[in-house]
Amino acid sequence: MTHARIGVIGLAVMGSNLARNLARHGHPVALYNRTTERTRELVAQHGDEGTFVPAETPEEFVASLERPRRLVVMVKAGAPTDAVIDQFAALLEEGDVIIDGGNAHFEDTRRREAALTERGLHFVGTGISGGEEGALNGPSIMPGGSPEAYASLAPMLEDIAAKADDGQPCVTHVGPDGAGHFVKMVHNGIEYADMQLIAEAYDLLRQAGGMRPAEIADVFSQWNTGRLRSYLVEITAEVLRHTDPETGQPFVEIVADQAEQKGTGRWTVEVALELGVPVTGIAEAVFSRSLSAHTDLRSAARDFPGPTPEPFSESAAHDLARAVEEALYASKIVAYAQGFHQVAAGSAEYGWDIDLGAVAAIWRAGCIIRADFLDDIRAAYAEDPQLATLLAAPRFAAAVEGAQRAWRLVVSLAAEHGIPAPGFSAALAYYDALRADRLPAALIQAQRDFFGAHTYRRTDRPGVFHTLWSEGRTEELMGE
Ligand code: NBP
């Protein structure tokens, strides 16, 4: 009997493509799916791509694996993943490794890892990005779990991962227990922010600039030859160029303007709130999708008054496109700075010791946010691993300085024209708040002390104070 080096449980689109990717790289793969038909289909259609060892029962599947056994679970996240883990863990032995490649919440991963570690099993919660195409041809892979488990998987994961331009595989051991799924969550949050910023850039060119989608497609294609070069900008140009075959209209104009979401953006914001990390770009992106879906609110507001600005001339629209590129780049730097701040905060909170530069490096290819920009982030952390924020990296500080005039212009123009640009505006507000000498947080502290005796600190001497507001007297309180 052929022993498989690794096995995949769950052969829907992601699992079957991942299994094929492994097989194509010469790794014999055991296959199991609850509905056997899927297993048979995979072997019938792609059996010639490598060595597959199909199994019809969990016992047969486990028996076909070399030791330590390595099982990749690619089933629906949540209860199905728990059910599959329980079912297979009962058949395993000490030292075997279960890899969850689904979109699990990192807290679930921490819980599962703790439970399986007690049973002597390794559990590797792994973020996988790149969708079905990535799973087949090279995803970005973000594994957590123990270093020992990672070592036993690394050669296979490196084979199947996407490769960056320098040839490096887009996989690294992110950190213990839930670190991999945490980083995947933030990846998705950043993806939300990036998509929102791109959508706002489009909207400004469409509404303020009066450009047609096909013209904007050309602008995006042009941007894709420069510092904004990325998968998302590239596909945006393609989408904008697409004509609806039924109506002959620009495709984007016949798509209903209500964005949906699966929940990873919301998780990112929820966790950021818990950690106290201001990921305003991601939050605005999540809320913008929610707002778009509130058709009731939107129809109630349809007749609210707004400005009636002059339309742009053609040459002014051209200048606008240049300014929007600057605003998009600067806002993007802020969004990524916030996302990396969240990764750093999660790493500190859970003791993961995540290498931020390595995270940027594995996002350079294979995943949805892949971009040249990620290599700049990798380089920024290589130059200074202790960076407090990406905005302080000389390369990004210089870019923002160069962009800020246009950035401010674009945000004010959006307000003047009554075009919502929450991503651009929030990014600029974040930047201005960070660089402010004084923030009105001082007034908020004073208000808090007034109504709730919440105390405050002073700028002129150490200590904690409370003002007796009715008496106009200040007390210095001992201790904190
Ligand atoms: P789905 O998320 O649609 O899940 C379908 C698979 O789960 C099938 O193999 C199904 O078996 C199996 N399954 C279910 Br549902 N309940 C089960 C149970 N109780 N016991 C055993 N098997 C069960 O598949 P997918 O879209 O390929 O995604 C797989 C994982 O990868 C998910 O966690 C997803 O979030 C994640 N992911 C997806 C993408 C993407 O682009 N789609 C990207 C990155 C990560 P059956 O055939 O018998 O019904």
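Higher on the page you've got the structure.
Residues numbered from 1 in each chain as written. Predicted model: local features only at pLDDT ≥ 70, side-chain atom pairs only at ≥ 80, totals over all residues. Heavy atoms only, no water.

*Asks:* Looking at this structure, I do not really get the overall build of the protein chain. What am I missing?
*Replies:* Broken down by element type, the protein chain carries 20 helices and nine strands. Scaling as 2.2 N^0.38, a compact globule of 480 residues should have a C-alpha radius of gyration of about 23 Å, and the protein chain matches this with 26 Å. Expressed as lengths along the three principal axes of its C-alpha atoms, the size of the protein chain is roughly 80 × 70 × 45 Å. When each of the 480 residues of the protein chain is scored for burial, the buried share is 50%. For the protein chain, the exposed surface amounts to about 22800 Å²; the carbon and sulfur share of it is 52%. Each charge class in the protein chain can be summarised by its mean position, and for the 41 positive and 67 negative side chains these summaries are 0 Å apart. (Helix = DSSP H or I, 4+ residues; strand = E, 2+ residues; numbered from the N terminus. Rg over C-alpha atoms; globule rule 2.2 N^0.38 Å. Buried < 20%, exposed > 50% of the residue type's maximum accessible area, 1.4 Å probe, protein only. Areas by Shrake-Rupley, 256 points an atom, 1.4 Å probe, with all protein chains shown as cover. Lys, Arg positive; Asp, Glu negative; His and termini not counted. Charge placed at Lys NZ, Arg CZ, Asp CG, Glu CD.)

*Asks:* Would you take a moment to explain the site of the ligand for this structure?
*Replies:* Around the ligand, the structure places 19 residues, and the nearest of them are Met14, Asn33, Thr35, Arg38 and Val75. A distance of 2.7 Å is found between an oxygen atom of the ligand and a side-chain nitrogen or oxygen belonging to asparagine 33. Contact with the protein chains removes 77% of the 910 Å² of surface that the ligand exposes when unbound. At the level of elements, helix H1 (13–24) and helix H4 (79–89) are the ones that each hand at least two residues to the shell around the ligand. Residues that form the shell around the ligand fall into these classes: ten nonpolar, six polar and three charged. (Near = heavy atom within 4 Å. Polar contact = N/O pair within 3.5 Å; in protein donor to acceptor, adjacent residues only side chain to side chain. Nonpolar A, V, L, I, M, F, W, Y, C, P; charged D, E, K, R; others polar.)

*Asks:* How do you make sense of the sheet that holds strand S3 (residues 52–54) when you look at a structure like this?
*Replies:* Adjacent strands of a sheet form backbone hydrogen bonds with each other and so pair up, either parallel or antiparallel. Strand order across the open sheet formed by seven strands is S3-S2-S1-S4-S5-S6-S7, with mixed pairing between neighbours. Edge positions in the open sheet fall to S3 and strand S7 (140–143), since each of these has one partner strand only. Taking each pair of neighbouring strands and ignoring which way they run, the sheet shows an average axis angle of 25 degrees. Two elements, strand S6 (residues 122–129) and S7, share four bridges in a ladder whose sense is antiparallel. Within S7, the position partnered with serine 129 by the bridge is serine 140. Contacts from helix H5 (residues 106–118) reach strand S5 (97–100) and S6 within the one sheet, and its direction differs from that of S6 by about 155 degrees. (Pairing = 2+ DSSP bridges. Axes fitted to C-alpha atoms, helices over the stretch in contact; angles between N-to-C directions. Contact = heavy atoms within 4.5 Å.)

*Asks:* Would you mind showing me how to read the nonpolar core here?
*Replies:* The nonpolar side chains of a soluble globular protein tend to be buried with one another. Formed by 96 residues in total, the largest nonpolar core has its most connected members in Phe340, Trp363 and Phe424. Ranked by residues supplied to this core, first place goes to helix H15 (residues 314–350) with 16 residues. Aside from chain neighbours lying at most four places away, what touches phenylalanine 424 is Leu197, Glu200, Ala201, Leu204, Val324, Ala327, Leu328, Ser331, Trp407, Val410 and Val411. (Core = buried A, V, L, I, M, F, W, Y, C linked by side-chain atoms within 4.5 Å.)

*Asks:* Just to check I follow, could you spell out the pattern of salt bridges for this structure?
*Replies:* Any two side chains of opposite charge can pair if their charged atoms end up close together. Taken as a whole and assessed by the stated rule, the structure comprises 34 salt bridges. Where arginine 24 meets glutamate 49, a salt bridge forms, and the shortest distance between an N and an O atom there is 3.1 Å. Taken together, the residues arginine 24 in helix H1 and glutamate 49 in the loop between helix H2 (36–46) and S3 connect sequence positions 25 residues apart. On the basis of relative accessible area, arginine 24 is assigned to the partly exposed category, the value being 39%. Taking the relative accessible area as the measure of exposure, glutamate 49 reaches 21% and is therefore partly exposed. The closest approach of N and O atoms between arginine 461 and aspartate 460, which form a salt bridge, is 3.9 Å. Note on arginine 461: relative accessible area 40%, which makes it partly exposed. In this structure, a network of salt bridges that share partners links the residues Asp82, Asp100, Asp108, Arg111 and Arg112. (Salt bridge = Lys/Arg side-chain N within 4 Å of Asp/Glu carboxyl O.)

*Asks:* I tried to follow the environment of glutamate 270 on my own but got confused; where do I start?
*Replies:* If you trace the backbone, glutamate 270 turns up in helix H12 (residues 264–275). Judged by relative accessible area, glutamate 270 falls into the partly exposed class, the value being 39%. Sequence-wise, glutamate 270 and glycine 47 are 223 residues apart; in three dimensions their C-alpha atoms are separated by 43 Å.

*Asks:* I would appreciate a short explanation of the packing of H12 against H15 in the present structure.
*Replies:* Any two packed helices are characterised by how steeply their axes cross, that is the angle between the axes, and by the distance between the axes. The interhelical angle for the contact between H12 and H15, taken along N-to-C directions, is 60 degrees, at an axis separation of 10 Å. In this view, H12 runs oblique relative to H15, as classed from their interaxial angle. Of the two possible hands of crossing, H12 and H15 adopt the one that is left-handed. Here Thr268, Val271, Ala272 and Leu275 of H12 come into contact with H15, specifically with Gln342, Ala345, Gly346 and Glu349. Grouping the amino acids of the contact of H12 with H15 by side-chain chemistry returns four nonpolar, three polar and one charged. (Parallel < 35°, antiparallel > 145°, perpendicular 65-115°, else oblique. Left-handed = near helix turned anticlockwise from the far one by under 90°.)

*Asks:* Would you take a moment to explain H5 for this structure?
*Replies:* Along an α-helix, residues three or four apart share an orientation, since each turn contains 3.6 residues. Its 13 residues place the ends of H5 18 Å apart at the C-alpha level, agreeing with the 18 Å of an ideal helix rising 1.5 Å per residue. Among the residues of H5, Phe106, Thr109, Arg112, Glu113 and Leu116 are the ones counted as buried. Buried residues along H5 cover an arc of 115 degrees about the axis, so they all sit on one side. Considering only its buried residues, H5 is in contact with H4, S5, S6, helix H8 (179–208), H12 and H15. Phi turns positive, to about 80 degrees, at glycine 120, one or two residues after H5. (Expected span 1.5 Å × (residues − 1). Arc of directions from axis to C-beta.)

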